[in-house]
Amino acid sequence: MKKVLFALFSITIFLSTLFLFNLKLGVLPPAGKFLSPYSGFWQNNMQAERIPDYIEVTSLNDTIKVFFDKNGAGVPHIFTKNDYSLYFAQGYITARDRLWQMEFQSIVASGRLSEFVGKDMIELDKFMRKIDLPASAERATEEMMKNKELADILIAYSEGVNAYIDQLTNKTLPVEYKILDYEPEHWKPVKTALLLKLMALDLTGYNKEMQTTIAHNNLPEKIFRFLYPSQKYYTEPIVKSDRKIKLDTVTNSVNYKYTSSGYNSTDNYIGSNNWAVAPKKTKSGNAILCNDPHLGLQLPSLWYELQLNSPGVNVYGASLPGAPGIIIGFNEKISWGVTNAGSDVMDWFEIEFTDSTRTKYNYNGMELPVKRKVEVYKVRGSDDVVDTILYTHHGPVSYLPGENPYKASYPVGCALRWTAHDPSLEALTFIKLNRAKNYNDFVVALNEYDCPGQNFIYADVEGNIAYRHQGKFPKRKFEQGRFINNGADSTSEWRTYIPFNDLPSQFNPARGFVSSANQAAINKESYPYYLGDTHAGFERGKRINDILRANNHIDKEFMTKMQLDNYNLYSEKLLPIVLGSLSVNNLNKNELVVHKILSEWKYNYDANEKAPHIFELLLDNIEKVLLADDITIDSTLQLFSASRDVTLKILEENNAYYIDNINTNTVEDIHTIVDTAFKQTVNELLAEHENIDSLPTWGAFRGTDIKHVAKIPGFNIGNLVTGGNYTCINATNKHFGPSWRMIVEMGNPVTAYTVYPGGQSGNPGSEHYSDKIENWRTGKYYKVDFLYSEPDATTINNYNRMLLK
C-alpha cells in the first residue's frame, strides 16, 4: 500500500511540475519551454555563429552570394544579379541577425505592445494611436505601393524576411521571443512604414508649444523675448546670408488653458554632426565626408552595417533593420550623411468644442462635426481596453481634459498637425541615393524626402561638397506654430510648404567645407519662412566650424580626432566670467581646492577629468540662483527653464535686471550670484563624497549605459567610462550619443572607416552582439572592406561565404 501511495505521490509531483513548467505566469514564459535543452534559450548560444554554406529558398530563381567579412565582425557583402534578389537577400540576412528587433519596434510603433507584453504598456500603446502613427504608416504604405520601383523593392525585402521566418524552429527562434513567449508574424511593407514613422517621431516628436505659450501668457513681452528667444543666442547658422528681410508676424494667438502646476525642461539637445571638406583643404586632394548621428544608444544596435552589390548599385553603410537600402553611407561615386534638421513640423490647435458631448467644434464661425475612431487594445493577461480618439480637420485630439499625456510636453484639448501624418516616399530617397552618381542625382533623390527633416551632407569623387536642409516644412510666417494655435481660427493653419528650391542649401562654398550640428539652418533675419525655435545651441556647430576654418592638409587621423573632440565651448565662455566674479579671498579650504580644479581645467570633458562634474553642478546652481525668481509666477506655476545660452548672455552682459532678485527686491550683483552658487556647489559635493579629493572623474560619475530595446535584464551594457557631453562634438551622454561614426574619403578607390556602439548580431549569445562597443568607447575605427567586385581566389579566405539559392 505504501508503495502504491508513494507511486501516486510521485506521479502527482511529476504532473504538477509538468503543469507548472508549461504554465505562463504574467509576462514570464513557461519555465519548461524556456529552459528546455532542445528548444529553450540554451540553443540561441549554440546557434550564434553558424553560417551555413548554402540555404535553399524555393522562391528564388537566382543564386545570391553573401560574403561575411571576418575582419569586420560579421558585416555581410551581398552580390546578386538583379534588384529583386538584392533586396530579398537584404531582408533575409537582416532578419537572420535582427528579426526580433525589427518586429518589436514595429509592434511599438503600431500601438500593440500590450498585446504581447501586458497592461503596463497600455499608455505607450495609446500614445502611438492618439498621435495617429499607425494610421500614418498605413497611408505611407499606400503611397509607396503606388510607385512600382519602390513597391517591388518593399515586396522583395518582405519576402526575404519571411523566407527566414519560415525556416525558424522552436530551437532557432530568437531568444527574446522565448523570454516574452510569442512568435514572429510575417513581414509586410507596412511594417517598414511603421519603422520609418517611428524614426520620424524620435526626431521630430519633441515640442514645447505648451510651455512657450504659458510663458508668453505670463511674462511681459520684453522679458519673454529675452528669456525665450526664437533663435538661440551665439548661434552660427549652417548657411549664412547677408540678406535682410522684413518678417511678417502672426497676430492670431490663443490663451491656452493650462492645468499643470509647473514645468521642467532640460536643454540636453541630442542631435548629430556631419561635415564635408573640399579637396583644397585635405592632405590627399580628395573630398572627405564625416557623420556621427547622435541617438538613443540601444542593443541590438539601431544600425545594421552591410554592402549591397547588383547591376546599377554598389553601396555600403548603415541600414535601418526593417527597411531596404542604405540610410547613411557611400557608393563608388558619392557619399552622404545626415543630422536632424531640428525644424518644427508639429503644431497644436486648441479645439473649442460646442458642448460637453464633443460632437462638434467651432471653426471660422461654423460648427464642424467631430469624427470618432474607436480603438481596441488587446492586452495580454487582461481584458481588452477600449478608447475613443476624436478627429478634427486639423488632426487627432491626442489628449482630452482629465487625461495625462504620455509625454508631459504634449498639451490636452488640442489637435495635432504633423508632417509625418502625410503620405510620403522617404524610402525611395535612399534607394535613389544608393544609386546616385553625381550631385544632380543627389538632388533628385532628396526631392522625394519629407519627414523627418534632415540636414544632408554630400561629397563625391569629383571633389564636390554640398549641404541641403531637406524636408517638408510648413510655409509659415514668423513664429507661426511657435505657440498653441487657435483651432477655431484659420489664420495659423497650414496651407502650403516651403518650395524645394527655397530650402537652405550650399554647393562648393568658398570656405571649403560644409557642416551641420542641429543648429538653425539659416539666420532668421534673412529667411522669409519660420523654421521653429527647437534647434540646438551654438557649441557643437561653432566648434566644428572653428576647427575646419583653421586647418588644412586634413586626413583621416585628423577627422578621427575631430569626431572624438571633447572640448566644450560653453565652459570656455562661461567659466572665466564665473571665476573672475568669485570672491576668492572668502573661500575655505575645500572651496579653494574646487577653485583650483576649475582654474586649471582646459575645458575638455575627458573621462579622467573631475572638473566637468563640478562645472555642470555649478552651472545648475547658478541658473537656479539667477533665474528662479524670473520664471516662477506664483506658488502653482514655474515656467520651463531658459536654455543655457541665456545664462551665458546674462552673465556676459552683466544684465542687472536678471541678476537682481525681483521677488525680494534685493539688489544683487554678479559676485553675489556666483558666490552663492559656488558655495552651494561645494556643499553639495561634500554631502555626496567624503572629501573633495575623492570626487569621481567625469567618466566614472556620468558614465554611459547601452540598454536592450526591451530593457531585458542581463542584455544591457552599463557603466561605460566615457568622455564627452551633448555640447561637445563627441556628444556622448548617459543614454544618448554617436550611434554610428563614419569617415569617407572620396578617392579612387573610395576608402572609409566606421565604428558603432553594438554589434552585427541581435543575439545576446553571440560574440558579435556587442563586440564593437569597446572600440567605439575608446575611439578606434576599422577600415571598411568596400568591395568593387566579388572576392577572388586570393581573398576568398577572408570571408565566410553563404549562398541563397
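Residues numbered from 1 in each chain as written. Predicted model: local features only at pLDDT ≥ 70, side-chain atom pairs only at ≥ 80, totals over all residues. Heavy atoms only, no water.

Enquirer: Looking at this structure, how should I read the overall build of the chain?
Expert: The helix and strand tally for the chain stands at 24 helices and 31 strands. In summary, the chain has a C-alpha radius of gyration of 28 Å against a globular reference of 28 Å for 805 residues, a match within 12%. By principal-axis analysis of the C-alpha atoms, the chain measures approximately 90 × 75 × 65 Å. When each of the 805 residues of the chain is scored for burial, the buried share is 60%. Here the analysis covers contacts within the chain between residues at least 6 apart in sequence; of these, 73% occur between residues at least 24 apart. About 32,300 Å² of surface is accessible on the chain, with carbon and sulfur atoms providing 52% of the total. Treating the 83 positive side-chain charges of the chain as one cloud and the 93 negative ones as another, the clouds have centres 3 Å apart. (Helix = DSSP H or I, 4+ residues; strand = E, 2+ residues; numbered from the N terminus. Rg over C-alpha atoms; globule rule 2.2 N^0.38 Å. Buried < 20%, exposed > 50% of the residue type's maximum accessible area, 1.4 Å probe, protein only. Contact = heavy atoms within 4.5 Å. Areas by Shrake-Rupley, 256 points an atom, 1.4 Å probe, with all protein chains shown as cover. Lys, Arg positive; Asp, Glu negative; His and termini not counted. Charge placed at Lys NZ, Arg CZ, Asp CG, Glu CD.)

Enquirer: Whenever I open this one, the packing of aromatic side chains confuses me. Can you help?
Expert: We describe a pair of aromatic rings using the distance from one ring centre to the other and the angle between the two ring planes. For the coordinates displayed, the defined rule picks out 39 aromatic pairs. Where Phe 478 meets Tyr 530, the ring centres are 5.7 Å apart and the plane angle is 85°; that geometry is what we call edge-to-face. Taken together, the residues Phe 478 in the loop between strand 19 (465-470) and strand 20 (485-486) and Tyr 530 in the loop between strand 22 (513-516) and helix 15 (539-550) connect sequence positions 52 residues apart. There is no split in this pair, since Phe 478 and Tyr 530 are both buried. Plain terms: the ring middles of Tyr 657 and Tyr 658 are 4.9 Å apart, the flat faces sit at 80° to each other, and that makes the pair edge-to-face. An aromatic cluster is defined as three or more aromatic residues linked by ring pairs; in this entry it consists of Tyr 567, Trp 601, Tyr 603, Tyr 605, Phe 615, Trp 698 and Phe 701. The ring of Phe 353 has Arg 358 lying over it, and the distance from NZ or CZ to the ring centre is 5.8 Å. Over the ring of Tyr 570 we find Arg 644; its NZ or CZ atom is 4.7 Å from the centre of that ring. (Phe/Tyr/Trp six-rings, centres within 6.5 Å; stacked < 30°, edge-to-face > 60°. Lys NZ or Arg CZ within 6 Å of the ring centre and 35° of its normal.)

Enquirer: When you look at the nonpolar core in this model, what are you seeing that I'm missing?
Expert: Proteins that are soluble and globular tend to have nonpolar side chains buried together. Counting residues in each nonpolar core, the largest one holds 225 residues, and the members touching the most others are Leu 227, Tyr 228, Trp 418 and Leu 598. Sort the elements by how many residues they give to this core and helix 4 (residues 83-109) lands first, with 14 residues. If sequence neighbours within four positions are ignored, Leu 598 has contacts with Leu 575, Leu 579, Ala 611, Ile 614, Phe 615, Leu 618 and Phe 678. Among the nonpolar cores identified, the runner-up in size contains nine residues, and Ile 351, Val 370, Leu 390 and Val 397 belong to it. (Core = buried A, V, L, I, M, F, W, Y, C linked by side-chain atoms within 4.5 Å.)

Enquirer: Hey, could you run me through the sheet that holds strand 26 (residues 717-720) in this one?
Expert: Across a sheet, paired strands are connected by hydrogen bonds in the backbone, their directions being either parallel or antiparallel. Spatial strand order, 6-25-26: three strands in an open sheet with mixed pairing. Each edge of the sheet is formed by a strand with only one pairing partner; in this case those strands are strand 6 (298-299) and strand 26. Bridge analysis of strand 6 against strand 25 (residues 704-708) gives two bridges, and the strand direction is parallel. The partner of Gln 298 across the bridge, within strand 25, is Lys 707. (Pairing = 2+ DSSP bridges.)

Enquirer: How do you make sense of the packing of helix 17 (residues 569-581) against helix 22 (residues 670-688) when you look at a structure like this?
Expert: Helix packing geometry: the angle between the two helix axes and the distance between the axes. Two numbers describe how helix 17 lies on helix 22: the axes approach to 8 Å, and their chain directions differ by 95°. With respect to helix 22, the element helix 17 is oriented roughly perpendicular. Taking contact as the criterion, the partners of Ile 577, Val 578 and Ser 581 in helix 17 are, on helix 22, Ile 670, His 671, Val 674 and Asp 675. Here the residues of the contact of helix 17 with helix 22 are counted per class, giving four nonpolar, two polar and one charged. (Axes fitted to C-alpha atoms, helices over the stretch in contact; angles between N-to-C directions. Parallel < 35°, antiparallel > 145°, perpendicular 65-115°, else oblique. Nonpolar A, V, L, I, M, F, W, Y, C, P; charged D, E, K, R; others polar.)

Enquirer: Is there a simple way to think about the environment of Ile 223 in this case?
Expert: Relative to the assigned elements, Ile 223 resides in helix 12 (residues 221-227). Residue class for Ile 223 comes out buried when judged on its relative accessible area of 11%. Placed 77 residues apart in sequence, Ile 223 and Pro 300 show a C-alpha to C-alpha distance of 46 Å.

Enquirer: Where do I start with the packing of helix 18 (residues 589-600) against helix 22 in this structure?
Expert: Contact geometry of helix 18 with helix 22 gives a least axis separation of 10 Å together with a crossing angle of 105°. As judged from the angle between their axes, helix 18 and helix 22 are roughly perpendicular. Within the contact between the two elements, helix 18 uses Asn 590, Glu 591, Val 594, His 595 and Leu 598 and helix 22 uses Phe 678, Lys 679, Val 682, Leu 685 and Leu 686. Broken down by class, the residue content of the contact of helix 18 with helix 22 amounts to six nonpolar, two polar and two charged.

Enquirer: Could you clarify how one ought to interpret the side chain of Asp 97 in this entry?
Expert: With respect to the secondary-structure elements, Asp 97 resides in helix 4. Classification of Asp 97 by relative accessible area gives buried; the value is 12%. Polar side-chain contacts of Asp 97 include one of 2.7 Å to the side chain of Tyr 304. When neighbours within four sequence positions are excluded, Asp 97 is seen to be in contact with Tyr 304, Gln 760, Ser 761, Gly 762 and Asn 763. (Polar contact = N/O pair within 3.5 Å; in protein donor to acceptor, adjacent residues only side chain to side chain.)

Enquirer: Before we go on, may I ask you to explain the environment of Ile 351 in this structure?
Expert: Positionally, Ile 351 belongs in the loop between strand 11 (346-350) and strand 12 (360-363). Classification of Ile 351 by relative accessible area gives buried; the value is 9%. Each C-alpha atom, one on Ile 351 and one on Leu 685, is 48 Å from the other, the two residues being 334 residues apart in sequence. Once you skip the residues sitting within four places of it in the chain, Ile 351 turns out to touch Tyr 361, Thr 392, His 394, Val 397, Gly 413, Cys 414 and Ala 415.

Enquirer: Would you mind going over the environment of Tyr 164 with me for this structure?
Expert: For Tyr 164, the location among the structural elements is in helix 8 (residues 148-167). With a relative accessible area of 13%, Tyr 164 lands in the buried category. Considering only alpha carbons, one finds Tyr 164 and Ala 89, 75 residues apart in sequence, at a separation of 9.9 Å. Sequence-distant contacts of Tyr 164, that is, excluding residues within four places in its chain, are made with Tyr 92, Ala 95, Arg 96 and Leu 99.

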